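# Inside the fold
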Amino acid sequence: MSLTSSPSLFPPQTAYYIRSFQFSSWYPHFSGLSIKSTVIRPLSQEFRDYLNSDGVYVPEGSEDNATESILSDDDDDDDDEDEEDEEHPSFSFPELDKQIRECIKAYEAVFPKLNFSSPRDASWILPASSPLKCTSPSDVYLLLKSSDFITHDLSIENVFAGCDDPSSSYELELVLRKWYAMDGSRELRCFVRRNSLVGISQRDTNYYDFLNEPGTKETIARNVKGYWQKNIRNSKHWEENPDYVFDFFLTRDLSRGHIVDFNPYAPRTDPLLFTYEELADLSDASNGVIGYDSVQKDGPELPEFRVIDSRAHPAATTNAPAHQHNMIPIEALSLSSGRDIEEFAELWKKEIHESMAG
């Protein structure tokens, strides 16, 4: 046991530290190692207002193929009631629509995120065969509007919550990334503390046989550590911030990978199959609890790699859909055609009756 006491569970949380993790801060340093992406900014206050507004609906003009209403002319008697129920404001972003369409043309399909957060919790809203795949501006808006996760990025108070020096400036940005079908079994979350890779966690909480093979686990841990040592550890971007969490996607042969995202080493970042207390113990063991000046560099030790080791694992979701508490029927949303939930509820009921009659 070192005479030097163990440091805090987390590094100092400052506005400067948090800003280093917004997409436009880290991506220029790692663009060649990550997924092709485009950052759109500045974004208007009107766009922020749209994301903050109640209800799930898309802006006017954002749909590539407008869907005609299936309500007949006989429903005119309900016009007054419909107008009374329509409370959400009207939004339109023709210039942003154009930029999104240009990205989709260049990338074929995109998935969106904001400065820090992606709408992973709303992936169910688009076809299950291609979650998060957006091929029109309306898809992008629908994902963002249906997500609870991205609301974190809309408030400067949330973004810099817990910081010793809360910031007074913050610019919202929309990130469009080239869409790929990503195999959840190859998604990892990696924890770096005091410039030492101390832990790797399976990110998808399903059980996979191959991840539990001892030889495979060791190979993955060794390859991830080698990648980190070669491409991330000595980056100028992290010279002043030796504490971070990065998400990593392995290639099919498990030998290499792509950086997906960077996250602050902070309570807001999910440690997944670890606790931050366990990560602190691993960091102490790796660094000798001597401090930042005596850091293990190229030793043979591998970071601890944790996976779902059985179908009975407490964290295993098996067949349960992720973020299922956010779900409503996808068929219902396909009927919305820009309407909010209240407006297309009647359409949904009619579709149900017609399908039952058929």
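Everything that follows concerns the structure shown earlier in this document.
Scope of this entry: the structure provided in the associated data block. (Residues numbered from 1 in each chain as written. Predicted model: local features only at pLDDT ≥ 70, side-chain atom pairs only at ≥ 80, totals over all residues. Heavy atoms only, no water.)

### A few points about the overall build of the chain
- When helices and strands are counted, the chain shows 11 helices and 8 strands.
- When each of the 358 residues of the chain is scored for burial, the buried share is 48%.
- The contacts in the chain between residues at least 6 apart in sequence include a share of 76% that link residues at least 24 apart.
- About 18300 Å² of surface is accessible on the chain, with carbon and sulfur atoms providing 48% of the total. (Helix = DSSP H or I, 4+ residues; strand = E, 2+ residues; numbered from the N terminus. Buried < 20%, exposed > 50% of the residue type's maximum accessible area, 1.4 Å probe, protein only. Contact = heavy atoms within 4.5 Å. Areas by Shrake-Rupley, 256 points an atom, 1.4 Å probe, with all protein chains shown as cover.)

### Examining the nonpolar core
- One finds F47, I232, F246 and F262 to be the most contacted residues of the largest nonpolar core, which totals 81 residues.
- In this view, I232 contacts F30, Y227, W238, Y244, F246, I259 and F262; residues no more than four positions away in its chain are not counted. (Core = buried A, V, L, I, M, F, W, Y, C linked by side-chain atoms within 4.5 Å.)

### Some words on the sheet that holds strand β2 (residues 110–113)
- The strand order across the open sheet formed by 3 strands is β1-β3-β2, and the pairing between neighbours is antiparallel. Two strands lie at the open edges of the sheet, namely β1 (37–40) and β2, each paired on one side alone. Each strand of the sheet is rotated relative to its neighbour by a mean of 20 degrees, with strand direction disregarded.
- Where β1 meets strand β3 (residues 174–178), 4 bridges bridge the pair, whose relative direction is antiparallel. Bridge pairing in β3 links V39 to V175.
- The strands touched by helix α6 (residues 137–146) are β2 and β3; relative to β2, the strand with the most contacts, the crossing angle is about 35 degrees. (Pairing = 2+ DSSP bridges. Axes fitted to C-alpha atoms, helices over the stretch in contact; angles between N-to-C directions.)

By themselves, these are just geometric observations and shouldn't be taken as functional.
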